[in-house]
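Residues per chain, in single letters:
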Amino acid sequence: MVRGIIKADDRHTVRRIKTAMQGNVIRALVELITNADDSYIRLEDEAKASGTIEILYKKDGYRGLFAVRDFAEGMLIDDVKNK
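Residues numbered from 1 in each chain as written. Predicted model: local features only at pLDDT ≥ 70, side-chain atom pairs only at ≥ 80, totals over all residues. Heavy atoms only, no water.

With that settled, the discussion passes to the overall build of the chain. Along its length, the chain carries 3 helices and 2 strands. The N-to-C order of helical and strand elements in the chain reads α-α-β-β-α. Long-range pairs, those at least 24 residues apart, make up 36% of the contacts in the chain between residues at least 6 apart in sequence. A total accessible area of about 7,600 Å² is found for the chain, and carbon and sulfur atoms account for 54% of it. (Helix = DSSP H or I, 4+ residues; strand = E, 2+ residues; numbered from the N terminus. Contact = heavy atoms within 4.5 Å. Areas by Shrake-Rupley, 256 points an atom, 1.4 Å probe, with all protein chains shown as cover.)

Below you can see the structure in the form of structure tokens.
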């Protein structure tokens, strides 16, 4: 598997996140979890699914940081480069 870093301008990334979430962190979590679940459904058809979705949350004062990690399909490196 090829791994790499996707570079994007911070302002662009923040703007895209705000547009997608519309100020609602629950909406963002639902989107990420649904994407992982859809991928696992495709993998189950091939009997290659573990089904694990990890949701991490860290409280830092008045701020919070969350991450969603799965072990499903991901994207091909060519798709990442083209999109």
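The rest of the description comes next.
This brings us to the pairing of strand β1 (residues 53-60). In the sheet, β1 pairs with strand β2 (residues 63-70) via 8 bridges, with the strands oriented antiparallel. Opposite Tyr57, over in β2, you have Phe66 as the bridge partner. The hairpin turn running from β1 into β2, its antiparallel successor, is 2 residues long, and Gly61 in that turn takes a positive phi close to 65°. (Pairing = 2+ DSSP bridges.)

Right, let's talk about the environment of Gly51 for a bit. For Gly51, the position within the fold is in the loop between α2 (25-45) and β1. Judged by relative accessible area, which is 42%, Gly51 ranks as partly exposed. (Buried < 20%, exposed > 50% of the residue type's maximum accessible area, 1.4 Å probe, protein only.)

Under the counting rule described, the total for this entry stands at 3 salt bridges. With a shortest N-O distance of 2.7 Å, Arg42 and Glu73 are connected by a salt bridge. Remark: Glu73 occurs in the loop between β2 and α3 (77-82) and Arg42 occurs in helix α2; sequence separation between them is 31 residues. The partly exposed category is assigned to Glu73, whose relative accessible area is 39%. (Salt bridge = Lys/Arg side-chain N within 4 Å of Asp/Glu carboxyl O.)

As a further point, take α2. Taking 1.5 Å per residue as the helical rise, α2 with its 21 residues ought to reach 30 Å, and the 31 Å between its terminal C-alpha atoms agrees with that figure. Listed as buried for α2 are Ala28, Leu29, Ala36, Ser39, Tyr40 and Leu43. When α2 is viewed along its axis, its buried side chains cluster within an angular range of 105° and face the same direction. Those residues of α2 that are exposed and angled more than 90 degrees off the buried face are Ile26, Glu44 and Asp45. (Expected span 1.5 Å × (residues − 1). Arc of directions from axis to C-beta.)

Right, let's talk about a nonpolar patch on the surface for a bit. Taken together, the side chains of Val25, Ile26 and Val30 make up a nonpolar region of the molecular surface, amounting to roughly 240 Å² of accessible area. Residue placement: Ile26 occurs in helix α2. Residue Ile26 is classed as exposed on the basis of its relative accessible area of 52%. (Patch = residues over 30% accessible without salt bridge, like charges linked within 9 Å, V, L, I, M, F, W, Y side chains within 5 Å.)

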